[in-house]
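# Structural description and commentary
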Amino acid sequence: MRIFLTLTRRELAAFFCSITGYVIIAAVTFLIGLSFVVLMTNLGTDPSPMPVTEMFYRTYFFWLIVLLGTPALTMRLFALEKFSGTFETLMTTPVSDLQVVAAKFVSALVFYSVMWLPILACLFIVRHFTNQTSTLDAGTVGGMMLGVFLVGSLFLSLGCFASALTRSQMAAAMISFVIGVSLFALGFLAEAILATAHWQSQVLSYFGLFEQMHDFARGVVDTRAVVFYVSLTFLFLFLTLRVVESRRWK
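Predicted model only: the values in this text are computed from it and were never measured.

### Digging into the packing of helix H9 (residues 138-165) against helix H12 (residues 209-217)
The description of two helices packed together rests on the angle between their axes and the distance between the axes. One can describe the packing of H9 onto H12 by two numbers: an axis separation of 7 Å at closest approach and a directional angle of 145 degrees. On H12, the residues that touch Thr140, Gly143, Met144, Leu146, Gly147, Leu150 and Val151 of H9 are Met213, Phe216 and Ala217.

### A closer look at the confidence of the model for the protein chain
Per-residue confidence for the protein chain gives a mean pLDDT of 81, with 84% of residues at or over 70. Ranking the helices and strands of the protein chain by mean pLDDT puts helix H7 (residues 97-115) first, with 90, and helix H11 (residues 199-205) last, with 63.

### Overview of the packing of aromatic side chains
Applying the stated rule across the entire model yields eight aromatic pairs. Pairing Tyr112 with Trp116 gives two aromatic rings, centres 6.3 Å apart and planes at 65 degrees, and the pair type is edge-to-face. Given the relative accessible area of 0%, Tyr112 is considered buried. With a relative accessible area of 0%, Trp116 lands in the buried category. Here the aromatic rings of Phe161 and Phe236 are separated by 6.2 Å at their centres, their planes lie at 50 degrees, and the arrangement is tilted. With Phe161 in helix H9 and Phe236 in helix H13 (residues 223-245), this pair connects stretches of sequence that are 75 residues apart. Taking relative accessible area as the criterion, Phe161 reaches 16% and is therefore assigned buried. Its relative accessible area of 12% is what places Phe236 among the buried residues. Three or more aromatic residues joined by ring pairs form one cluster here, namely Phe62, Trp63, Tyr112, Trp116 and Phe184.

### A look at the pattern of salt bridges
Any two side chains of opposite charge can pair, given that their charged atoms come close. According to the stated counting rule, one finds six salt bridges in the structure shown. Between Glu11 and Arg76 there is a salt bridge whose closest N-O contact spans 3.6 Å. Remark: Arg76 occurs in the loop between helix H4 (61-74) and helix H5 (79-84) and Glu11 occurs in helix H1 (residues 2-16); sequence separation between them is 65 residues. Residue classification places Arg76 among the buried positions, given a relative accessible area of 16%. In the salt-bridge network here, residues are joined through shared partners; they are Arg10, Glu11, Arg76, Glu81 and Lys104.

### Points about the environment of Tyr22
Here Tyr22 lies in helix H2 (residues 19-43). Sequence separation of Tyr22 and Met115 is 93 residues, and the distance between their C-alpha atoms is 9.0 Å.

Basis of the calculations
Residue positions within a chain follow its written sequence, with the count starting from 1. Two thresholds apply to this predicted model, a pLDDT of at least 70 for residue-level local features and 80 or more for giving and counting side-chain atom pairs, whereas whole-chain, interface and lining totals are computed over all residues. Each side-chain value is derived from all of the structure's non-hydrogen atoms; neither hydrogens nor water enter the calculation. Every axis in this analysis is a line fitted to C-alpha atoms, fitted for helices over the stretch in contact. Angles between the N-to-C directions lie between 0 and 180 degrees. Secondary structure follows DSSP: runs of H or I at least 4 residues long count as helices, runs of E at least 2 residues long count as strands, and numbering of each begins at the N terminus. Between two residues, a contact is recorded if the distance between any of their heavy atoms is within 4.5 Å. Per-residue confidence from the prediction method is given by pLDDT, with values spanning 0 to 100. Stacked, tilted and edge-to-face are the three classes assigned to paired rings of Phe, Tyr and Trp, where Trp is represented by its six-membered ring and a pair needs centres within 6.5 Å; plane angles under 30 degrees give stacked, over 60 edge-to-face, the rest tilted. Throughout this description, buried means an accessible area under 20% of the type-specific maximum (1.4 Å probe, protein chains only), exposed means over 50%, and partly exposed covers the range between. For this analysis, a salt bridge means a side-chain nitrogen from Lys or Arg found within 4 Å of a carboxyl oxygen belonging to Asp or Glu.

Structure (structure tokens):
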């Protein structure tokens, strides 16, 4: 555990002690603030039974942050170390492959969680100046943040996998972005196709990212969605671990 915590602190220092990390936080804060300005402008003075959290998920700002932010966070995790030559030095120290993969993923997840904190300030402002007091309760906000955490875990895990495949940060970012856009497209397809008894339709329904996010935004936690995100996250982390271990076979 001590080795894992040391590696995690090392990775977190790389995020918080570089200008790149603060640029990402500033960009995400700008997009979150802009999204709430657009929502409040469109809503005007008309009452809305829909929580503002659900309205936020219905915009493209959330998915823009996820699709662009996660590759920016993960592209350097393995690719930069391979390019600079420090990866082999790291792996010759008394650390296991699992500890390295877990530390890099957890540090990226911690930074990802921190960069979403400004959304709580936006929700507080909306709660204070509008009639959304009853809909922005602890359960609704907790469900929203759980959705943010789960979808981030999935996209960060596939970003780790992409970064482990190459020595180029740009190639890692593009691979992560393409896979992320593919999952996004499957979500569109799952929403467009009506559910039927065919197994293909049932499998596709599990990739209904938009409906799952709407449930989380309403404070509804569906265990099927939780299992879906956790399973895919562990799948991509397992693939990342196998890629890291493959260096022993070369």
